[in-house]
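Single-letter residue listing:
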Amino acid sequence: MELIKIVPIKPSEVEALQLLSKQTFTETFAIHNSEEDMYHYLTNNLSLAILQNELFNPDSKFYFALEGDKKIGYLKLNLKEAQSDVKDPDSLEIERIYVLNTYFGKKVGQVLYQKALDIAKELKLKYIWLGVWEKNERAIQFYKKNGFVEFDQHVFKLGNDEQTDLLMRLFI
Ligand SMILES: CC(C)(COP(=O)(O)OP(=O)(O)OC[C@H]1O[C@@H](n2cnc3c(N)ncnc32)[C@H](O)[C@@H]1OP(=O)(O)O)[C@@H](O)C(=O)NCCC(=O)NCCS
């Protein structure tokens, strides 16, 4: 495998971001959820308008993982008020970290995560936190391996389905 590059996503790349977001979300969650709930999430939460807005938010940061020219994963980070919960000025939220499933287990997630850690250190933040679905074993294991510990839970609505997310945190 070639060296993985991490590059910021420009607002002009919103369509490529939408494509990758929809593909990775579907690969991860379609088998666990109804078609209707999936459709609702993909249409509302990953619309071009919503993603465009998020790309223009100065407190959100988006990155692609590239193998050559191919976009194989992405990362969305939130600072300050852009965080979906907690909203502590001293914390960084990893809101999304997604890799194409054909690339799982090749450390692409680790390279994306390292970017988040570098940014949190550069900004002298105190901790990184995230929400992960309680049944997403692979991701939970990935975060535990990186030192994250559960500190709370919250409800995540996927369409009409209310799911429990574990909130995990790592002090830097
Ligand atoms: C979570 C994710 C980002 C990790 O990316 P990745 O490139 O596969 O990560 P790495 O290769 O660095 O690490 C893989 C780790 O996943 C975990 N893992 C892999 N297979 C697993 C399995 N069958 N069961 C439990 N954990 C598993 C292990 O911790 C493994 O680490 P190890 O190889 O050192 O044992 C990626 O799997 C992904 O995109 N998943 C779908 C989207 C998702 O769930 N995102 C998180 C939403 S909160």
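Located above this text is the structure these notes cover.
Residues numbered from 1 in each chain as written. Predicted model: local features only at pLDDT ≥ 70, side-chain atom pairs only at ≥ 80, totals over all residues. Heavy atoms only, no water.

(A) Main features of the overall build of the protein chain. In terms of regular secondary structure, the protein chain is built from five helices and seven strands. In sequence order, the protein chain lays out its α and β elements as β-α-α-α-β-β-β-α-β-α-β-β. Rg of the C-alpha trace for the protein chain: 15 Å, near the compact-globule value of 16 Å for 172 residues, within the 12% margin. Of all 172 residues assigned to the protein chain, the portion counted as buried reaches 45%. A fraction of 63% describes how many contacts in the protein chain between residues 6 or more apart in sequence connect residues 24 or more apart. If you sum the accessible surface of the protein chain, you get close to 9400 Å²; carbon and sulfur atoms cover 50% of it. Here the protein chain carries 22 positive and 26 negative side-chain charges, and the mean point of each set is 7 Å from the other. (Helix = DSSP H or I, 4+ residues; strand = E, 2+ residues; numbered from the N terminus. Rg over C-alpha atoms; globule rule 2.2 N^0.38 Å. Buried < 20%, exposed > 50% of the residue type's maximum accessible area, 1.4 Å probe, protein only. Contact = heavy atoms within 4.5 Å. Areas by Shrake-Rupley, 256 points an atom, 1.4 Å probe, with all protein chains shown as cover. Lys, Arg positive; Asp, Glu negative; His and termini not counted. Charge placed at Lys NZ, Arg CZ, Asp CG, Glu CD.)

(B) Layout of the site of the ligand. What surrounds the ligand is a group of 21 residues, the closest being Val99, Gly105, Lys107, Gly109 and Asn136. Within the backbone of lysine 107, a nitrogen or oxygen atom sits 2.8 Å from an oxygen atom of the ligand. Within the contact set of the ligand, an oxygen atom lies 2.9 Å away from a side-chain nitrogen or oxygen of lysine 145. Starting from 960 Å² of accessible surface for the ligand in isolation, the protein chains cover 76%. Residue assignment for the shell around the ligand shows that the elements contributing at least two residues are strand 4 (91–99), helix 4 (108–122), strand 5 (127–133) and helix 5 (137–145). With seven residues, helix 5 is the single largest residue contributor to the shell around the ligand. (Near = heavy atom within 4 Å. Polar contact = N/O pair within 3.5 Å; in protein donor to acceptor, adjacent residues only side chain to side chain.)

(C) Fine view of the nonpolar core. If you look at the biggest cluster of nonpolar residues, it comprises 51 residues, and the most contacted ones within it are Phe25, Ile94, Tyr113 and Tyr143. With seven residues, helix 4 is the largest single contributor of residues to this core. (Core = buried A, V, L, I, M, F, W, Y, C linked by side-chain atoms within 4.5 Å.)

(D) Structural context of helix 4. An ideal rise of 1.5 Å per residue puts 21 Å on 15 residues; helix 4 measures up with 21 Å between its terminal C-alpha atoms. Considered for burial, the residues of helix 4 that qualify are Val108, Gly109, Leu112, Tyr113, Ala116, Leu117, Ile119 and Ala120. Positive backbone phi, approximately 55 degrees, marks lysine 124, located one or two places after helix 4. (Expected span 1.5 Å × (residues − 1).)

Everything listed is a geometric property; what it means functionally is a separate question.
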